[in-house]
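# Structural description and commentary
These are the residues of each chain, in order.
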Amino acid sequence: MNRPVVLGIVGDYDDTFVPHVRTNEAVQHAAQALELELDSSWIPTSECDADAARRLAGCDAVWISPGSPYRSMRGALEAIRACRLGGIPLLATCGGCQHVIIEYARSVLGYVDAEHAEHDPYASTLFVTPLSCSLAGKTMAVTLDAGSPIAEIYGRTQIEEQYYCNFGLNPVYEPTVHDGGLRIVGRDADAEPRIFTLPAHPFFVATLFVPSLTSTADRPHPLIIAFLQAAAARR
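Residues numbered from 1 in each chain as written. Predicted model: local features only at pLDDT ≥ 70, side-chain atom pairs only at ≥ 80, totals over all residues. Heavy atoms only, no water.

Our next topic: the environment of D179. Relative to the assigned elements, D179 resides in helix α6 (residues 174-179). Taking the relative accessible area as the measure of exposure, D179 reaches 61% and is therefore exposed. Through-space distance from the C-alpha of D179 to that of G11 is 29 Å; in sequence the pair is 168 residues apart. (Helix = DSSP H or I, 4+ residues; strand = E, 2+ residues; numbered from the N terminus. Buried < 20%, exposed > 50% of the residue type's maximum accessible area, 1.4 Å probe, protein only.)

On to the nonpolar core, then. Membership of the largest hydrophobic core comes to 81 residues, with the highest contact counts inside it found for L7, L56, I64, L182 and F196. Counting residues per element, this core draws most heavily on helix α7 (residues 222-234), at eight residues. Not counting residues up to four positions away in its chain, the partners in contact with L56 are V10, I43, C48, V62, A79, A82, C83 and I88. (Core = buried A, V, L, I, M, F, W, Y, C linked by side-chain atoms within 4.5 Å. Contact = heavy atoms within 4.5 Å.)

Let's shift gears to the side chain of R84. Along the chain, R84 turns up in helix α3 (residues 73-86). Among the residues examined, R84 registers a relative accessible area of 16% and is labelled buried. Beyond its immediate chain neighbours, meaning those up to four positions away, R84 contacts E103, Y104, S107, V108, L198, H201 and F204.

At their nearest, the axes of helix α1 (residues 18-34) and α7 sit 9 Å apart, and the two run at 65 degrees to each other. Considering the angle they form, α1 stands roughly perpendicular to α7. When the axes of α1 and α7 are compared, the crossing they make is right-handed. Residues A26, V27, A30, A31, A33 and L34 of α1 pack against I224, I225, L228 and Q229 of α7. For the contact of α1 with α7, a count of residues per class yields nine nonpolar, one polar and no charged. (Axes fitted to C-alpha atoms, helices over the stretch in contact; angles between N-to-C directions. Parallel < 35°, antiparallel > 145°, perpendicular 65-115°, else oblique. Left-handed = near helix turned anticlockwise from the far one by under 90°. Nonpolar A, V, L, I, M, F, W, Y, C, P; charged D, E, K, R; others polar.)

Turning to the environment of G87, a few remarks are in order. With respect to the element layout, G87 can be found in the loop between α3 and β4 (90-93). Given the relative accessible area of 17%, G87 is considered buried. Between the C-alpha atoms of G87 and T143, which are 56 residues apart in sequence, the distance is 27 Å. In contact with G87, not counting residues within four places along its chain, are H201, P202 and R234.

Turning to the pattern of salt bridges, a few remarks are in order. Between side chains of opposite charge, a pair can form when the charged atoms approach closely. Inspection of every chain in the model, using the stated rule, returns nine salt bridges. We note a salt bridge from R3 to D60, for which the minimum N-O separation is 2.7 Å. Taken as a pair, R3 in the segment before β1 (5-10) and D60 in the loop between α2 (52-55) and β3 (61-64) lie far apart in primary sequence, 57 residues in all. Three or more residues joined by partner-sharing salt bridges are found here, namely D188, E192 and R194. (Salt bridge = Lys/Arg side-chain N within 4 Å of Asp/Glu carboxyl O.)

This is the structure we're talking about:
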């Protein structure tokens, strides 16, 4: 008999924060649809400070949760790095997506001083900056690259998703990030990046929107379904 799929949700859980509560619900929606036994638990960002690879070693997949600033930015970045290097299926949403950009800029693109404006607004190398207007509470259209794995997951190229954020990729660094391998495969109506992937990774998806907000028991979110399928395959 297969053991349960082990999911680690890296973030600082707050039961009054709607995206955290909905994340818990959404993974259960997907697990039930897939008839998977799921062992899901939250991992505080501070627990990934020293040795994220060891802390996450028992996980079949990792979700970098919404809800930044994290108590430990280093912990969030180290968790992302461990998943990227270790081939652990990763889904990063909202603040998680923003930290995927920072980790990739520092560790892969060589911008060791890459920063997030929420963490250090006066840094000289800001890869994540305030959006032109807040997306918190908005539902907006996203166009997916035809033929991309993400379009295959959704089964279409036009989707609508809900947001809970105020920060995104600095447009100055958009070509650097995309051409450097963290591919932008989803954009909004203004062509601003909303979904990032690492094509060579088993499952590495970062979304500025929060897919758990639209998941229901009757209609589990397709991206979360695919994420747990990747976790089950790793198991």
